[in-house]
Amino acid sequence: MSTPAGAKRAPRPHRRPKKDPARIVAFRALRAVDERDAYANLILPSLLREAERKGMERRDAALATELVYGTLRGQGTYDAVIAACVDRPLREVDPPVLDVLSLGAHQLLGTRIPSHAAVSATVELARVVLGDGRAKFVNAVLRKISAQDLAGWVAQVAPPYEDDAEDHLAVVHSHPRWVVSSLWDALGRWQPAASGRQAMEQLLEADNARPEVTLVARPGRSSVAELRAALPEVEDGRWSPYALRLTDGGDPAGVDAVRENRAGVQDEGSQLVALALANAPLDGPDRLWLDGCAGPGGKAALLGAVAAARGAALVASEKQQHRARLVARALDGNPGPYAVITADGTRGAWERGAFDRVLVDVPCSGLGALRRRPEARWRRRPEDIAGFGPLQRELLRSALDAARVGGVVGYATCSPHLAETRAVVDDVLRGREDVEWIDARPLLPGVPDLGEGPDVQLWPHLHGTDAMYLALLRRTA
Ligand SMILES: C[S@@+](CC[C@H](N)C(=O)[O-])C[C@H]1O[C@@H](n2cnc3c(N)ncnc32)[C@H](O)[C@@H]1O
């Protein structure tokens with residue numbers, strides 16, 4: 001129908017933006033991480049449950065999860081690309097707008113979603129959560145980003161490796177530069193022959209890969225065979241006799257043994273640390289064990305089960321009351337004697353020399369578990385490392401005092417940063433005549449690439465585990 005001459009053309013009816021539950025959940029999760037320092041692995045499940053109650057499909061939940069984790073992991077690279085496509089410094093872009101742009105950049109550069117779908121879905125999201133005006137800005141930026149693939153962008157925005165190797169790796173593999181630098185120092189210390197560019201790239205890539213879910217069958221309570229029978233796609237653990245890897249998703253929460261606390265989700269590196277302490281040679285009695293930093297209780301539950309089979313008792317101690325409750329839950333049903341207490345491990349709520357085996361898995365920067373906590377690398381600051389130092393030293397000193405003469409102490413961190421690992425042990429042992437090293441390597445049987453010892457550093461790219469560190473020590477006097 002034509003418009004009569006002189007009459008005004010009727011305005012186009014305003015189309016309401018399409019609501020896309022997966023992208024809305026992903027956006028809300030990113031906002032919570034940014035605004036409230038939320039942890040993605042905690043906030044996302046609660047947002048997903050809420051959306052599922054309102055009818056979101058399972059497939060959308062998987063997409064939302066991929067978008068949140070992928071966007072947070074790739075943030076460093078995506079920021080560099082976005083910065084090249086906007087005409088002002090990124091800090092002047094409104095944070096919610098930046099989150100939408102990052103989500104769009106991830107879809108364009110880090111997923112197989114076709115470009116036109118990635119742009120149009122993200123612009124629709126922008127219309128819903130930012131309004132039409134800012135959606136136009138989003139549209140313009142995403143169109144620029146979609147002009148090249150990831151390789152093209154990286155070649156454009158990352159400095160050449162030859163000019164600045166750390167900056168290059170930081171941009172290409174999306175890690176803060178100081179983290180690249182710290183990981184490189186540590187890799188060079190433990191793997192001097194395999195710490196060149198290629199090894200570093202493998203390590204950083206491993207940090208960016210989704211970690212497999214690994215289960216532990218707590219000995220005496222469950223078995224790998226029981227877990228295998230309950231899950232469709234699994235493989236045996238690489239190193240721990242109690243580990244089973246879920247190779248194709250699968251939901252551990254649906255497994256009876258997990259529900260009944262006879263098994264749990266636990267990285268193989270953590271299993272190895274607990275088992276090495278439990279299996280370290282010991283003369284004399286082996287009756288009483290201490291986990292001095294037990295929350296949330298993964299290692300305590302494994303230690304408790306091994307101790308029970310040996311007729312030993314476990315004291316699991318944790319400073320934070322709410323985390324001590326998690327420890328109690330993890331140990332619930334343990335077949336042998338145990339106690340969970342809330343105590344400051346630096347003071348020692350126990351007699352000196354009371355324990356045959358002591359573990360201190362100290363609070364640390366978590367740089368060894370970046371693949372699990374996608375936002376952690378952006379939140380940590382270099383000064384955090386120094387901040388943990390005094391507490392780590394105090395906890396190790398107190399653990400040594402808690403062990404009897406001849407007893408064994410394990411000092412563990414889920415960080416490979418040299419200032420949190422060997423430097424702490426060296427400092428604490430300096431001037432102490434009553435402690436000797438135990439070679440931890442034979443206590444991780446079959447595990448390759450453990451370096452010169454006596455302490456061990458695991459690596460995601462070499463062992464498929466978190467980058468756990470373990471020093472084993474013996475009280476000698
Ligand atoms: C790395 S986590 C331990 C993880 C645990 N071993 C596991 O496998 O589940 C360190 C724990 O030490 C606790 N912690 C921090 N300061 C402490 C202190 N002074 N005494 C005892 N525990 C402390 C933290 O609350 C945290 O739960």
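Higher on the page you've got the structure.
Structure report, in brief. (Residues numbered from 1 in each chain as written. Predicted model: local features only at pLDDT ≥ 70, side-chain atom pairs only at ≥ 80, totals over all residues.)

## Quick word on the pairing of strand E6 (residues 313–318)
Then comes step 1: Summarising burial for E6: five of the six residues are buried, a large majority.
Then comes step 2: Note: strand E5 (residues 288–291) against E6, four bridges, orientation parallel. The partner of Leu288 across the bridge, within E6, is Ala313.
Then comes step 3: Once you follow E5 into helix H15 (residues 298–309) and on to E6, the crossover reads as right-handed. (Buried ≥ 20, exposed ≤ 12 C-beta atoms within 10 Å, placed from the backbone. Helix = DSSP H or I, 4+ residues; strand = E, 2+ residues; numbered from the N terminus. Pairing = 2+ DSSP bridges. Right-handed = clockwise from strand over helix to strand, strands pointing away.)

## Notes on the environment of Ser223
Then comes step 1: In this fold, Ser223 is placed in the loop between strand E1 (213–217) and helix H12 (224–230).
Then comes step 2: Each C-alpha atom, one on Ser223 and one on Arg262, is 8.8 Å from the other, the two residues being 39 residues apart in sequence.

## Here's the deal with the sheet that holds E1
Then comes step 1: Within the open sheet, the four strands sit side by side as E2-E3-E1-E4. Their pairing is antiparallel. Either end of the sheet is taken by a strand with one partner, and the two such strands are strand E2 (234–236) and strand E4 (263–265). Across the sheet, the mean angle separating the axes of adjacent strands is 30° when strand polarity is ignored.
Then comes step 2: Bridge analysis of E2 against strand E3 (residues 243–246) gives three bridges, and the strand direction is antiparallel. (Axes fitted to C-alpha atoms, helices over the stretch in contact; angles between N-to-C directions.)

## Some thoughts on the site of the ligand
Then comes step 1: Neighbouring residues of the ligand: 18 residues in total, closest Cys293, Gly295, Lys299, Gly345 and Asp361.
Then comes step 2: Grouping the constituent residues of the shell around the ligand by class yields four nonpolar, eight polar and six charged. (Near = placed C-beta within 6 Å. Nonpolar A, V, L, I, M, F, W, Y, C, P; charged D, E, K, R; others polar.)

## Examining the environment of Ser182
Then comes step 1: Checked against the element boundaries, Ser182 lands in helix H10 (residues 177–190).
Then comes step 2: With 236 residues separating them in the primary sequence, Ser182 and Leu418 have C-alpha atoms 7.8 Å apart.
Then comes step 3: The contacts of Ser182, once residues within four sequence positions are left out, are Leu367 and His417. (Contact = placed C-beta atoms within 7 Å.)

## Notes on the pairing of E3
Then comes step 1: Examined bridge by bridge, E1 and E3 share four bridges and lie antiparallel to one another. Of the residues in E3, the one forming a bridge with Thr214 is Arg245.
Then comes step 2: The hairpin formed by E2 and E3 contains six residues between the paired strands.

## Things to note about unusual backbone geometry
Then comes step 1: Residue Gly295 is joined to Pro296 through a cis peptide bond whose omega torsion reads 5°.
Then comes step 2: Positionally, Pro296 belongs in the loop between E5 and H15.
Then comes step 3: The omega torsion of the bond from Gly453 to Pro454 falls at -5°, within 30 degrees of zero and hence cis.
Then comes step 4: Relative to the elements of secondary structure, Pro454 occurs in the loop between strand E10 (435–438) and strand E11 (456–457).
Then comes step 5: For Asp37, which is not a glycine, the phi torsion comes out positive at approximately 55°.
Then comes step 6: Within the secondary structure, Asp37 is located in the loop between helix H1 (21–36) and helix H2 (40–53).
Then comes step 7: Residue classification places Asp37 among the exposed positions, given that 9 C-beta atoms sit within 10 Å.
Then comes step 8: For Asn261, which is not glycine, the phi torsion reads 70° and is therefore positive.
Then comes step 9: Positionally, Asn261 belongs in the loop between helix H13 (256–259) and E4.

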